[in-house]
Amino acid sequence: MAATNTYEYLRCNLNTIEDIIGYRFQDRNLLIQAFTSKSFGAENPSFEDNDVLEFYGDAELYKFLSDWLYDSFTVYPDGKRCNQLTSKKSVGELSEIRKNYINKRALAKCLRLKHLDQFVLLGKSDLNNNAAGSDSILEDVFEALVGAVKIDSTRMNSFGLVYANTKDAVKNVCHNLYEMYEFETNWYQEVWDFCNYYELKLDEYKSGYSNNYIYYLKIPALQFSSQGEGRSPEVARMKAAEALMHDCEIYDMKQEVGEADFETSVSQLNELFQKEYITQPEYSFKNTTDSDGHQIWRCECFISTYEDKEGYMQRGIGEENSKAEAKKAAAFDMLQFIFDER
């Protein structure tokens, strides 16, 4: 989603941003600053950019992930806390996991999936260089958000003493920002694009309560429906969309090649490959004879796109009296498997 790049738009959506990250700011100027890019700050001197907040947020992110790794993989030899501990992961593995979470691509992806990329204030130089929504800018915003929460949740009382709930606040915000990380694709956007393309209505509603939401999606015209469950409405909706997209993809493929047809099955698979729905089909043949001495051709069709799908090893198989017919049978069986038929 492209950045809107106006202060008015950002200011009008502060409640929305706070709902998404799960934190209410005492000083909303910090929240605005977190979304202010360096270029916007340079062009608008009355705005402080997010550079310093980014510095503090980077340190907090490392603390958060170190705590998460500790909680996830620490093992005490005697089953209780003592002076020694071991880990289920080696130091190298722990470093690799942390690196996967703290990198430009990962942080930017989390903000996009949360639709927070639309609120970033960008300068003209960024817009002219097509930098809107870039990984680098969104990485800075992610870290600045965490830094802003750290600063905002630490306060001085009337006696000059610091009181803070920083750790809990930062932990909660990081969890909320990272919770979409497991999704490689924005499935909800994919469903929306599908419905817009075919001019179909999408119905959606949710139920549940804190940490246990159920989201329902339905395309009435096609009688497609799904549901997903998660600790937030966003996660539940994404899971529902991922499940629904399976039916949408099959519908898409059938619009391209039609229903599975024995006589044209080989060309149907090839067309799906040409349109990049699947990897290239591969065929292997074995020639045997039956008990009466008749020649039997056995053909197996392989498509790596589906090798992790349950039942794959038992499908895409055909046995006929001729090599050509065996190939058709194998392709037809694979098509039915792809279309979830039989």
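Residues numbered from 1 in each chain as written. Predicted model: local features only at pLDDT ≥ 70, side-chain atom pairs only at ≥ 80, totals over all residues. Heavy atoms only, no water.

*Asks:* I would appreciate a short explanation of a nonpolar patch on the surface in the present structure.
*Replies:* A surface patch of nonpolar side chains, about 320 Å² in accessible area, is lined by Val-52, Phe-55 and Tyr-56. By secondary structure assignment, the location of Val-52 is in helix H5 (residues 51-73). (Patch = residues over 30% accessible without salt bridge, like charges linked within 9 Å, V, L, I, M, F, W, Y side chains within 5 Å. Areas by Shrake-Rupley, 256 points an atom, 1.4 Å probe, with all protein chains shown as cover. Salt bridge = Lys/Arg side-chain N within 4 Å of Asp/Glu carboxyl O. Helix = DSSP H or I, 4+ residues; strand = E, 2+ residues; numbered from the N terminus.)

*Asks:* Please explain helix H11 (residues 187-198) as it appears in this structure.
*Replies:* For the α-helix, the turn length of 3.6 residues means that residues three or four positions removed from each other point alike. Look at H11: 17 Å from first C-alpha to last across 12 residues, which is about the 16 Å you get at 1.5 Å a residue. Residues of H11 that are buried: Trp-187, Tyr-188, Val-191, Phe-194 and Cys-195. For H11, the angular spread of buried residues about the axis comes to 120°, placing them on one side. Against the buried residues of H11 lie strand E5 (203-209), strand E6 (212-219) and helix H12 (233-257). (Expected span 1.5 Å × (residues − 1). Buried < 20%, exposed > 50% of the residue type's maximum accessible area, 1.4 Å probe, protein only. Arc of directions from axis to C-beta. Contact = heavy atoms within 4.5 Å.)

*Asks:* Quick question: what am I supposed to make of the side chain of Arg-315 here?
*Replies:* If you trace the backbone, Arg-315 turns up in the loop between strand E9 (295-302) and strand E10 (317-320). Side-chain polar atoms of Arg-315 contact the side chain of Asp-333, separated by 3.2 Å. (Polar contact = N/O pair within 3.5 Å; in protein donor to acceptor, adjacent residues only side chain to side chain.)

*Asks:* Explain unusual backbone geometry to me, please; I cannot follow it from the model alone.
*Replies:* With a phi close to 55°, Glu-199 is a non-glycine residue in the positive phi region. One can find Glu-199 in the loop between H11 and E5. If you check the backbone angles, Gln-223 has positive phi at about 60° while not being a glycine. Mapped onto the secondary structure, Gln-223 falls in the loop between E6 and strand E7 (224-230). The exposure class assigned to Gln-223 is exposed, which follows from its relative accessible area of 72%.

*Asks:* Hey, could you run me through the pairing of E5 in this one?
*Replies:* Working note: regular strand, side chains alternate between the two faces of the sheet. Here E5 pairs with E6 via seven bridges, running antiparallel. Paired with Glu-204 across the bridge in E6 is Leu-217. Counted between consecutive antiparallel strands, the loop separating E5 from E6 contains two residues, among which Asn-211 sits at a positive phi close to 70°. (Pairing = 2+ DSSP bridges.)

*Asks:* Would you mind going over the sheet that holds E6 with me for this structure?
*Replies:* Note on sheets: strands pair through backbone hydrogen bonds, and any given pair is parallel or antiparallel. Here three strands make up an open sheet; going across it, the order is E5-E6-E7 and the pairing antiparallel. Of all the strands in the sheet, the pair left with one neighbour each is E5 and E7. Averaged over all pairs of adjacent strands, the angle between strand axes in this sheet comes to 15°, irrespective of strand direction. Of the strands in this sheet, E5, E6 and E7 touch H12, which is tilted by about 150° from E7. (Axes fitted to C-alpha atoms, helices over the stretch in contact; angles between N-to-C directions.)

*Asks:* What am I meant to see in the layout of surface pockets here?
*Replies:* Unoccupied space between atoms shows up once a probe the size of one water molecule is rolled over them. Quantified by volume, the largest pocket comes out at close to 370 Å³. Around the largest pocket sit 14 residues that line it, and His-246, Glu-249, Tyr-277, Thr-305 and Tyr-306 are the ones nearest its centre. Among the elements that line the lining of the largest pocket, the one with the most residues is H12, at six residues. A volume near 230 Å³ is recorded for the second largest pocket. Lining the second largest pocket we find Glu-60, Lys-63, Phe-64, Asp-67, Trp-68, Asp-71, Lys-167, Asp-168, Val-170, Lys-171 and His-175. Counting residues per element, the ones that place at least two in the lining of the second largest pocket are H5 and helix H10 (166-178). With six residues, H5 is the single largest residue contributor to the lining of the second largest pocket. (1 Å grid on protein atoms, 1.4 Å probe; cavity = no way out; pocket = protein on both sides within 12 Å on 5 of 7 lines; lining within 4 Å. Points joined across faces, edges and corners; volume = space filled by probe spheres on them.)

*Asks:* How should I be thinking about the side chain of Asp-126 in this particular structure?
*Replies:* Structurally, Asp-126 is set in helix H8 (residues 124-128). Among buried charged residues, Asp-126 stands out as having no salt bridge; its nearest opposite-charge side chain is Lys-38, 8.9 Å away. Apart from the residues within four sequence positions on either side, Asp-126 is in contact with Ser-37, Ser-39, Ala-131, Ala-132 and Ile-137. (Lys, Arg positive; Asp, Glu negative; His and termini not counted.)

*Asks:* Would you explain the nonpolar core in this entry?
*Replies:* One broad trend across soluble globular proteins is that nonpolar side chains are buried collectively. Among the nonpolar cores identified, the biggest contains 50 residues, and Phe-35, Leu-116, Phe-142 and Tyr-178 are the most heavily contacted of them. Residue assignment for this core shows that the elements contributing at least two residues are helix H2 (14-21), helix H3 (28-34), H5, helix H6 (91-101), helix H7 (104-113), helix H9 (135-152) and H10. The biggest single contributor to this core is H9, with nine residues. With near-sequence residues (within four places) excluded, Tyr-178 lies in contact with Leu-61, Phe-64, Leu-65, Tyr-101, Ile-102, Leu-107, Cys-110 and Phe-142. If you look at the next biggest cluster of nonpolar residues, it comprises 24 residues, including Phe-194, Met-238, Ala-241 and Met-245. (Core = buried A, V, L, I, M, F, W, Y, C linked by side-chain atoms within 4.5 Å.)

*Asks:* What exactly am I supposed to notice about the confidence of the model for the protein here?
*Replies:* Caution applies to low-pLDDT regions: their predicted coordinates should not be interpreted in detail. Looking at the protein, pLDDT values average 89 and 93% of them are 70 or higher. The lowest-confidence element of the protein is strand E4 (residues 162-164), averaging 62 in pLDDT; the highest-confidence one is helix H13 (residues 265-274), averaging 97. (pLDDT = per-residue confidence, 0-100.)

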